[in-house]
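One letter stands for each residue in the lines below.
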Amino acid sequence: MPEISETLDPADWDTHRAVAHQMVDDAIDYLCDVRSRPVWQEMPPQVRRQFREGVPQDGTPLPKVYQQVMAEVFPYPMGNIHPRFWMWYMGASNFTGAMGDFLAAILGSNLGGGDHAAAEIDKQVVGWMKEMIGFPAEASGTLVSGGSMANLIGLTVARNVMSGIDLRAEGVGALCAPMRFYGSDQVHSCHRTAVEAMGLGDIALHRVPSDADCRMELPALRRAITEDRASGLHPACIIATAGTVNTGAIDDLEAIADLCAEEGLWMHVDGCIGGLLAIAPKGRALVKGIARADSIAIDPHKWLHAPFEVGCALVRDAEAHRGAFTVTPEYLEATPRGIASGTWLHDFGFQTSRGFRALKVWMALKEQGVAKFGRLIDQDLAHARHLSDRIVATPNLELCFPGVINIVCFRYNPGGLSEAALKRLNTEIMVLMQEGGIAAVSDTTVRGRHCLRAAINNHRTLPCDLDMLTVEAVRLGEILAQRVTSA
Ligand SMILES: *Cc1c(COP(=O)(O)O)cnc(C)c1O
């Protein structure tokens, strides 16, 4: 044995202290300068090559490792912390949350359970989420990796409770009749993964047509439930979406809650996009009835701008929640006192070891207050209206869907082009804007029409950024349309 055992700690902390201070300074500079950098830029091949090297056998001093991070990682981000990033639907992160993640890792605690401060904070943040949504304090919940996992948790509890059998012991093979879950045709793709993972198969997720506003058609929903019952299937759960990915449409939560009560069905709300409207003074009315749900998925790494990853599942019936996941193997028995005396937080989901993702949410909420986050949500809604107005007022730009929240679907349409040509043209506009580092929007197809899509979920966006988007879309559109017609 060597005289001194090896450790991962440095022999001398001074270098690490200096590098760590440098990291914080660089991080703050990076955020201060974010607006002046391109939203995105492609990695040169020599940079990409670095990331395909095999595992290093020997060590490199930390300053050199850090240098590589700064030179080869930080210039090539996805771009979502930039004020002109509006793709898909994600948050723009925040500094305090990032420091929270750093401190959580320094503390290093495992949130699988136990009696320690981090576990208390985890429970407190779940409590705050309940408060924000308007759920009763006795309800249950858990922090997870994101919305997909939060939905899976809610739907798993729904499946077990509604199955009418001891599903955990007997499995889906023992079901008397095939279960059915109902969502609109706008439902997020994670619900498909969920029903598949739950052993029910994609067939168990009935896609109900949506109406002209992209909301679930309630007469069609009622019909589907009645017909399924008549043919021996087992209607179990309605998945209402509060903010669809395509257009931000919000299903009629009150009516769906009434229907669930009438039919004895579980009501799950996918609130990954719109659930947190509940804290916005102006937006709140849009999600009236959300708290009537049996389970809700919300996504703090979206409208609370927490650094990835953090989602939250809430379940009204705490016993049902725990009953779906609890396991107490002999090596995890609780003791009356000491470290193992706390709640086993792993009893509320699929993970055993859990990270301290609560801290980044807790610190940012403490620093800013929930009212500020609510105002920022209303600000995004106002920005979306601003963009929509600009689009309507700009010749050759077409508003493809009158959104109700912060998602704006539009396209450049100079007239006289086929749908296929318009799709090619707009896709090229979108990619050129990304490659030029100007702005990032994504695209989708709504009611058969291809369109560009800006999801303005960004506390750094200013109205002038949105003006620039319309100006650039037209500028690039004109250049490209010219090419099409002169070709
Ligand atoms: C983002 C989203 C999800 C998935 O959440 P992740 O955090 O990406 O796992 C589910 N449903 C809706 C409506 C979403 O917008």
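Heads up: the structure comes first, above all this text.
The notes below deal with the structure included here. (Residues numbered from 1 in each chain as written. Predicted model: local features only at pLDDT ≥ 70, side-chain atom pairs only at ≥ 80, totals over all residues. Heavy atoms only, no water.)

## Description of the site of the ligand
Phase 1 of the analysis: Around the ligand sit 14 residues, and of these S148, D270, D299, H301 and K302 come closest.
Phase 2 of the analysis: The contact in question runs from an oxygen atom of the ligand to an N or O atom on the backbone of G147, over 2.7 Å.
Phase 3 of the analysis: D270 places a side-chain nitrogen or oxygen 2.7 Å from a nitrogen atom of the ligand.
Phase 4 of the analysis: Summarising the interface, the protein chains cover 85% of the accessible area of the ligand, which totals 380 Å² for the free molecule. (Near = heavy atom within 4 Å. Polar contact = N/O pair within 3.5 Å; in protein donor to acceptor, adjacent residues only side chain to side chain. Areas by Shrake-Rupley, 256 points an atom, 1.4 Å probe, with all protein chains shown as cover.)

## Structural notes on the pattern of salt bridges
Opposite charge on two side chains allows them to pair when their charged atoms are near.
Phase 1 of the analysis: Following the criterion strictly, the structure yields 21 salt bridges and no others.
Phase 2 of the analysis: Between R192 and D202 there is a salt bridge, with the nearest N and O atoms lying 3.9 Å from each other. In this pair, R192 is assigned in helix 8 (residues 190-197) and D202 in the loop between helix 8 and strand 3 (205-208), connecting sequence segments ten residues apart.
Phase 3 of the analysis: Since its relative accessible area comes to 42%, R192 is described here as partly exposed.
Phase 4 of the analysis: Judged by its relative accessible area of 29%, D202 is partly exposed. (Salt bridge = Lys/Arg side-chain N within 4 Å of Asp/Glu carboxyl O. Helix = DSSP H or I, 4+ residues; strand = E, 2+ residues; numbered from the N terminus. Buried < 20%, exposed > 50% of the residue type's maximum accessible area, 1.4 Å probe, protein only.)

## Description of helix 9 (residues 218-230)
Phase 1 of the analysis: Between the first and last C-alpha of helix 9 there are 18 Å, a value that for 13 residues agrees with the 18 Å anticipated at 1.5 Å per step.
Phase 2 of the analysis: Each element contacted by the buried residues of helix 9 is listed here: strand 2 (179-184), strand 3, strand 4 (234-241) and helix 10 (253-263).
Phase 3 of the analysis: Just past helix 9, the residue G232 takes up positive phi, approximately 85°. (Expected span 1.5 Å × (residues − 1). Contact = heavy atoms within 4.5 Å.)

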